[in-house]
Amino acid sequence: MATLVSFHAHPDDECINCGGVMRKAADEGHRVVLVVATRGEVGEIVPGVLEPGEQLWERRVRETHAAAEILGATRVEFLGYVDSGMMGEATNSAENTFWTADVEEAATRLAAILVQESADALTIYDDNGGYGHPDHIQVHRVGLRAAELAATPRVYQATANRDHLKEGFAAARAAGVEGIPTDDFDMGKPAAEITTAVDVTAYLPAKRAAMRAHASQIAEDSFFLALPEEAFAFAFGTEWFIRVGATPGTTETDLLAGL
């Protein structure tokens, strides 16, 4: 049995980026630990979800535990930082935000968990945080340093396959779907940079259920939950990573192979 630690910026990130590999690892008998940097205090609230007097962070913590159970995580930890909001927002510099956190101090917090768990593998994000969110970029920086401090042997940067996305966007436009982005975007990384592609098709029901558990953020009519089955499988049926230190051309299909 190996231990996989999946590190994320906010509640709900875990099911979108790594829900499949988490559930896969759990089903194969490995230990799965979820670490979240913030409690998602400034997320956009789905109307009518919160109870009177309920704070968003309280709901998001409960949602995280519910999603973690669905995904097979047996431990959930929050590092204690505050959600920084989108890049350029005034909230970026608020007190105790993750974006303004000292990388060494934050990495020490995460490294303590990695050491305690004798983590075999850690998932973080790519150097742009997938799409440029400050807290996601900080996950990359803090995660890399924490892995160094804890001597964690495998580190995987969760990302999106930009070429795969472009293919899907082109097919959608050809089918007459409106509102599809142009190919001029910086989400994810080119396929040539990706070392690891994990087929998580078998775990899509759990992944979708975990998304649904985050009801304060992911509405039933949202992009994530409104997608038809085939489109959902195209978008989320493979989870993409860049393994730190891997040589160019590496083509892995499992984060924990050989452990």
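Residues numbered from 1 in each chain as written. Predicted model: local features only at pLDDT ≥ 70, side-chain atom pairs only at ≥ 80, totals over all residues. Heavy atoms only, no water.

1. So, the packing of aromatic side chains
Here is step 1: Under the criterion given, the structure shown has seven aromatic pairs.
Here is step 2: Taking 5.3 Å as the distance between ring centres and 45° as the angle between the ring planes, the aromatic pair formed by Tyr-81 and Phe-98 counts as tilted. Here the residue Tyr-81 occupies a position in strand 3 (residues 75-81), and Phe-98 occupies one in the loop between strand 3 and helix 3 (103-117), the gap between them amounting to 17 residues. Across this residue pair, the class does not change: Tyr-81 and Phe-98 are buried.
Here is step 3: Members of the aromatic cluster, connected to one another through ring pairs, are Phe-223, Phe-224, Phe-232 and Phe-236. (Phe/Tyr/Trp six-rings, centres within 6.5 Å; stacked < 30°, edge-to-face > 60°. Helix = DSSP H or I, 4+ residues; strand = E, 2+ residues; numbered from the N terminus. Buried < 20%, exposed > 50% of the residue type's maximum accessible area, 1.4 Å probe, protein only.)

2. Thoughts on the nonpolar core
Here is step 1: Formed by 61 residues in total, the largest nonpolar core has its most connected members in Phe-7 and Phe-98.
Here is step 2: Among the elements that line this core, the one with the most residues is helix 1 (residues 13-27), at seven residues.
Here is step 3: Here Phe-7 is in contact with Val-35, Ala-37, Leu-79, Phe-98, Leu-110, Leu-122, Thr-123, Ile-124, Tyr-125, Val-139, Val-142 and Gly-143, once residues within four sequence places are set aside. (Core = buried A, V, L, I, M, F, W, Y, C linked by side-chain atoms within 4.5 Å. Contact = heavy atoms within 4.5 Å.)

3. Comments concerning the sheet that holds strand 1 (residues 3-8)
Here is step 1: Overall, mixed pairing links the seven strands, which are arranged 3-2-1-4-5-7-6 in an open sheet. The open sheet terminates on both sides in strands that have one partner only, identified here as strand 3 and strand 6 (196-199). Neighbour-to-neighbour, the strand axes of the sheet open up by a mean angle of 25°, direction not taken into account.
Here is step 2: With four bridges connecting them, strand 6 and strand 7 (residues 238-243) associate as antiparallel partners. (Pairing = 2+ DSSP bridges. Axes fitted to C-alpha atoms, helices over the stretch in contact; angles between N-to-C directions.)

4. Looking at unusual backbone geometry
Here is step 1: Despite not being glycine, Ser-118 has its phi angle at roughly 50°, a positive value.
Here is step 2: You can see Ser-118 is positioned in the loop between helix 3 and strand 4 (121-125).
Here is step 3: Residue Ala-151 is not a glycine yet carries a positive backbone phi of 55°.
Here is step 4: If you trace the backbone, Ala-151 turns up in the loop between helix 4 (134-150) and strand 5 (154-159).

Function-wise, these values are silent; they only describe arrangement.
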